[in-house]
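Residue-level listing of the chains:
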Amino acid sequence: MDRDLTATRLLRSSALNTYDPEVEIDWEAPFEPGRYYCPPERCSLYGTELWNGLTEPQRIELSKHEVASVAGLGIWFETILMRMLLREYHRQDPRERHAQYALTEVGDECRHSVMFGRMVARFGCPHYRPEGRDGRLGRFVAATARGPRMYAATLIAEEVLDTFQREAMADERVQPLVRMVSRIHVIEESRHVRYAREELARQIAEVTTYDRVIIARTAWLTGHRLIHADVYRSVGIDPAVGRRAAWANPNFQATLRWAGERVVEFLGELGLIRGPARKLWERSGLLQELSR
């Protein structure tokens, strides 16, 4: 089967290119003075009056909390993905390579979540994560999502985070710890993206309008919860004021569209961004110009 051929290639890649963050990362190395935690132009307030009113150390501090927020969302999505993959595995034949790769990906995601959690702890930042209705949506998706809905939701989170990390890992203005965490995640996540893209394309005929709406709600959550409003407290800005400024900021709007570009193009080609779901996509901040 095609899916088993793909799984065999991905298992080989996993054997050759899997990293242990406990060994590969120097967790005790001091942070380097004057370096940001993400490229400064990717900060949500960059270019605003609020940004101009911050000192350089405050700007660096805000970048640290925004990276912690993105990592918290990554942990939240990875935990959901692990639950979905284990449900899928439970229905499969453990002798098949496709099933074996699902477990291998769960192992990757376990290490990634530990890595992100340790990074946030090293930052000394709070654990930022979706709550309330978004938290309930996550629990619902984790317990019920299958097929196209499962793989599309996975791709949205994985590819948005991957775009930020590909840039950060090559930017010498960024703290070495963040660059190394980003590098490990990008290398290993490329397998997960390929797996999810191929599975989604293979199952697209099964997609329903309800699936499209749930996928769009995931896109909305990703755009709106990428930067938790509480990060602004770290530099003395009221969360509601900071959030309004960020969402009115043309630079942050462009950053969200840039981060979503690859996954939006792919899901659009599959016909997943249309009908009733499109309005949610338009409100997500991730949407590029697509034909209706």
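Quick caveat: nothing in here was measured; it's all calculated off a predicted structure.

Visitor: So what's going on with the pattern of salt bridges? Which residues, and what values?
Guide: Applying the stated criterion across every chain yields a total of 25 salt bridges. Taking the shortest distance from any N to any O, the salt bridge between Glu 159 and Arg 197 comes out at 2.8 Å. With Glu 159 in helix H7 (residues 147–169) and Arg 197 in helix H8 (residues 176–203), the pair connects residues that are 38 residues apart, well separated along the chain. Using a relative accessible area of 2% as the deciding quantity, one classes Glu 159 as buried. Taking the relative accessible area as the measure of exposure, Arg 197 reaches 23% and is therefore partly exposed.

Visitor: With reference to specific residues and values, describe the packing of H7 against helix H11 (residues 250–269).
Guide: Contact pair H7 / H11: the axes reach a minimum separation of 9 Å and the direction vectors enclose 135°. When the interaxial angle is binned, H7 and H11 end up oblique. Crossing angle aside, the handedness with which H7 passes H11 is right-handed. The residues of H11 that touch H7, namely those facing Ala 152, Leu 155, Ile 156, Glu 159, Val 160, Asp 162, Thr 163, Phe 164, Arg 166 and Glu 167, are Thr 255, Trp 258, Ala 259, Gly 260, Arg 262, Val 263, Phe 266 and Leu 267. Broken down by class, the residue content of the contact of H7 with H11 amounts to ten nonpolar, three polar and five charged.

Visitor: Outline the nonpolar core, supporting the account with residue identities and numerical values.
Guide: Soluble globular proteins tend to pack their nonpolar side chains together in the buried interior. Core analysis: the largest hydrophobic core is formed by 88 residues, its most contacted members being Met 119, Phe 123, Leu 267 and Trp 281. Per-element tally for this core: the top contributor is helix H4 (residues 56–90), with 15 residues. Those residues in contact with Phe 123 that sit more than four places away from it in its chain are Phe 31, Tyr 37, Lys 64, Val 67, Ala 68, Leu 177 and Val 178.

About the thresholds
Residues numbered from 1 in each chain as written. Predicted model: local features only at pLDDT ≥ 70, side-chain atom pairs only at ≥ 80, totals over all residues. Heavy atoms only, no water. Salt bridge = Lys/Arg side-chain N within 4 Å of Asp/Glu carboxyl O. Helix = DSSP H or I, 4+ residues; strand = E, 2+ residues; numbered from the N terminus. Buried < 20%, exposed > 50% of the residue type's maximum accessible area, 1.4 Å probe, protein only. Axes fitted to C-alpha atoms, helices over the stretch in contact; angles between N-to-C directions. Parallel < 35°, antiparallel > 145°, perpendicular 65-115°, else oblique. Left-handed = near helix turned anticlockwise from the far one by under 90°. Contact = heavy atoms within 4.5 Å. Nonpolar A, V, L, I, M, F, W, Y, C, P; charged D, E, K, R; others polar. Core = buried A, V, L, I, M, F, W, Y, C linked by side-chain atoms within 4.5 Å.

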